[in-house]
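Residue-level listing of the chains:
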Amino acid sequence: MELTLDGVLADAGGRLVAAAQDRRHAMHTPVVGTADGDLRIMVLRQATADLARLRFHTDLRSPKCALIGEGAAVSVLAYDPAARVQLRMRGEGWIEHGSLLSDAAWERSAPSSRRCYLAEAGPGALLEESGSALPEDLLHRAPLPEETLPGRSNFAVLLVEVRSLDWLRLTHLGGERARFSRASADLPWRAEWLAP
């Protein structure tokens, strides 16, 4: 079967939608980069098939939230070693905190996922010794739903509108590669084949 640009774009969107829904999917935890060159692994919480939006959860106290704010460049790298498919994405990111969207994301999160937002110090804060910043009574158990409520003030959502996608599949024949770009999510993709 001949590979088409439309098929490649559908493949990328399908992989990310599946990855957001399945914690065992190879692309469930992509690498997310910010304009300062910092990289981190984040859990992909939602992806739209048309790649209009990727959603991640984050701690509002994290330095990346201040850096991204209401709009900044963000890159996302996902790789599936079994399929040998790499997705490199760039786009516009922004942080949602006190919005209906972030409220809904918080409500859908399990208490065990909310636990990290109860840390007494934000990501990157100095500690006197190695270990977690979680309260001692939560180190070895999942909190009850009502115990997580103070963490809501630290919970935020990172949204990324994908503006470019580089799809690469490695094969014994040298591979296949395509690039897709657009100025905003409401515009059609410009697609082209590239040398791998």
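Rules used in this analysis
- Residues numbered from 1 in each chain as written.
- Predicted model: local features only at pLDDT ≥ 70, side-chain atom pairs only at ≥ 80, totals over all residues.
- Heavy atoms only, no water.
- Buried < 20%, exposed > 50% of the residue type's maximum accessible area, 1.4 Å probe, protein only.
- Helix = DSSP H or I, 4+ residues; strand = E, 2+ residues; numbered from the N terminus.
- Pairing = 2+ DSSP bridges.
- Salt bridge = Lys/Arg side-chain N within 4 Å of Asp/Glu carboxyl O.

Attention now goes to the pairing of strand 7 (residues 155-169). Of all 15 residues in strand 7, 12 are buried; the element is thus mostly enclosed. The sheet contact formed by strand 4 (residues 54-59) and strand 7 spans 6 bridges and is antiparallel. Bridging from a neighbouring strand, Leu54 pairs with Val160 of strand 7. As judged from the 12 bridges shared by strand 6 (residues 85-96) and strand 7, these two strands associate in the antiparallel manner. Paired with Gly93 across the two strands is Val160, which belongs to strand 7. The pairing of strand 7 with strand 8 (residues 176-181) spans 6 bridges and is antiparallel. Bridge pairing in strand 8 places Asp166 opposite Arg179.

For the coordinates displayed, the defined rule picks out 13 salt bridges. With its nearest N and O atoms 2.6 Å apart, the salt bridge here joins Arg163 to Glu161. Relative accessible area serves as the criterion here: at 27%, Arg163 is assigned to the partly exposed category. With relative accessibility at 14%, the residue Glu161 sits in the buried group. Between Arg179 and Glu192 there is a salt bridge whose closest N-O contact spans 2.9 Å. One end of the pair, Arg179, is in strand 8; the other, Glu192, is in strand 9 (residues 190-194), and 13 residues separate them in sequence.

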